[in-house]
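What the coordinates show
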Amino acid sequence: MKKNTLYYAGLAAFITLAGCDNQNQSPADPGLVLEGRTMGTFWRVSLAGVAPERKDALQKAVQQQLDEDDRELSTWKPDSALSKFNQYRGSDPQPISDNMADIVTLALRIGKKTDGAMDITVGPLVNLWGFGPDKQPVKTPTQAQIDAARALTGLQHLQVIQKAEGAWLQKDLPGLYVDLSTVGEGFATDHLARLMEKEGINSYLVSVGGAVLTRGMNAQGRPWKVAIQKPTDKENAVQAVVDLQGHGISTSGSYLNYYELDGKRISHVIDPVSGRPIQHKLVSATVIATTALEADGWDTGLMVLGEEKAKALALREKLAVYLIVKQGDGFVTWMSPQFKAFIRQ
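Residues numbered from 1 in each chain as written. Predicted model: local features only at pLDDT ≥ 70, side-chain atom pairs only at ≥ 80, totals over all residues. Heavy atoms only, no water.

Section: the confidence of the model for the protein
Taken over all residues, the pLDDT of the protein has a mean of 85, while the share at 70 or more is 84%. Overall, residues 1-28 carries pLDDT values under 50, and its contacts beyond four positions in sequence, including any with other chains, amount to 77 contacts. (pLDDT = per-residue confidence, 0-100. Contact = heavy atoms within 4.5 Å.)

Okay, structure coming up:
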């Protein structure tokens, strides 16, 4: 049998939105750039007007913040807060942080508006298809295996309880497995933005994986620009450039994280309804929203829905959305009216 091959297109596999903050930079004033790894991906912070002497301290603060987020949200670490909830087999409400309560609440809201296309309980299916902590399958999962995994999913089995004294997460299905990887990058990006503000920095571009958020101007006094990558793992080329104007942006694509099994390309984007990786021609969905977390939540749901349903939802909810669709040997793009305001040449 042909060996399974997992493809990551280098850095672009994790950063589908490449910051154009270096465009036209003067060598005499490059700004301050910090970089590292977290959550199985890359993070980057670009700063303007910050003294170089602060680099080491800021690098340490950023990494520490992201490590804390990872310890809370990771499904790969058995001792993370989320993993402990997933391991719990009872139905009593479990105490959670305000951060996790906010993430799950937003995910449940977007999940409802996407008719379950964005489902943070899809973990058993993600694991079944080899994109979670479990190993890749050596054979295509059977329908019986898919049905068994689907029986352990469903947003209706999960609820957030918030009171003055704290927040709790409750499940009524013992085997329910919550996977926040679809929104983790957005949350971490927003968290980095708050860290920058706390440090007294108000001109920055922060990114974790494919989620980006900006504030202020770059080192040349120009707006930060972000490039949306063309939907290919063969090159690192720009499809469009946007000025975020202080917003967050996130892209979900079916062309970057995949492997081959039984002669077929298996995408990491799983449809909770069918229980299978998506097969439609929508290859990339980019969303701009007030926060990176919200953008990160919407882009996954839109990718699962496919072109026509994604367009209808974007128009109904007045979302700033940019879609790239496979057509023949090339691609066609579509953007909502709200997205057009961010496009830059």
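Remarks on the sheet that holds strand S17 (residues 282-289)
Taken in spatial order, the eight strands line up as S3-S4-S8-S9-S12-S17-S18-S19 in an open sheet, and their pairing is antiparallel. Each edge of the open sheet is held by one strand with a lone partner, namely strand S3 (32-38) and strand S19 (330-335). Here the average twist between neighbouring strands, direction ignored, is 15°. Inspection of the sheet shows strand S8 (residues 204-208) paired to strand S9 (residues 211-215) by five bridges, in the antiparallel sense. When the sheet's bridge partners are listed, Leu205 is paired in S9 with Thr214. (Pairing = 2+ DSSP bridges. Helix = DSSP H or I, 4+ residues; strand = E, 2+ residues; numbered from the N terminus. Axes fitted to C-alpha atoms, helices over the stretch in contact; angles between N-to-C directions.)

Some thoughts on the pattern of salt bridges
This model, assessed by the stated rule, comprises seven salt bridges. Two residues, Glu35 and Arg44, come together in a salt bridge whose shortest N-O distance is 3.2 Å. Note that Lys311 and Glu307 form a salt bridge whose closest N and O atoms lie 3.0 Å from each other. Separated by four residues within a single helix, Lys311 and Glu307 lie in helix H8 (residues 307-317), roughly one turn from each other. Given a relative accessible area of 17%, Lys311 falls into the buried group. Under the relative-accessibility criterion, Glu307 is labelled partly exposed at 25%. (Salt bridge = Lys/Arg side-chain N within 4 Å of Asp/Glu carboxyl O. Buried < 20%, exposed > 50% of the residue type's maximum accessible area, 1.4 Å probe, protein only.)

A few points about the environment of Arg150
As for its placement among the helices and strands, Arg150 is situated in helix H5 (residues 143-150). Relative accessible area serves as the criterion here: at 33%, Arg150 is assigned to the partly exposed category. With 25 residues separating them in the primary sequence, Arg150 and Leu125 have C-alpha atoms 6.8 Å apart.

Describing the sheet that holds strand S5 (residues 94-96)
In spatial order, the strands read S5-S7-S6; together these three strands make up an open sheet with antiparallel pairing. Unpaired on one side and paired on the other, S5 and strand S6 (158-163) mark the two borders of the sheet. The sheet shows a mean angle of 35° between the axes of neighbouring strands, direction not considered. The strands touched by helix H3 (residues 98-113) within the sheet are S5, S6 and strand S7 (166-171), with S6 carrying the most contacts at an inclination of about 130°.

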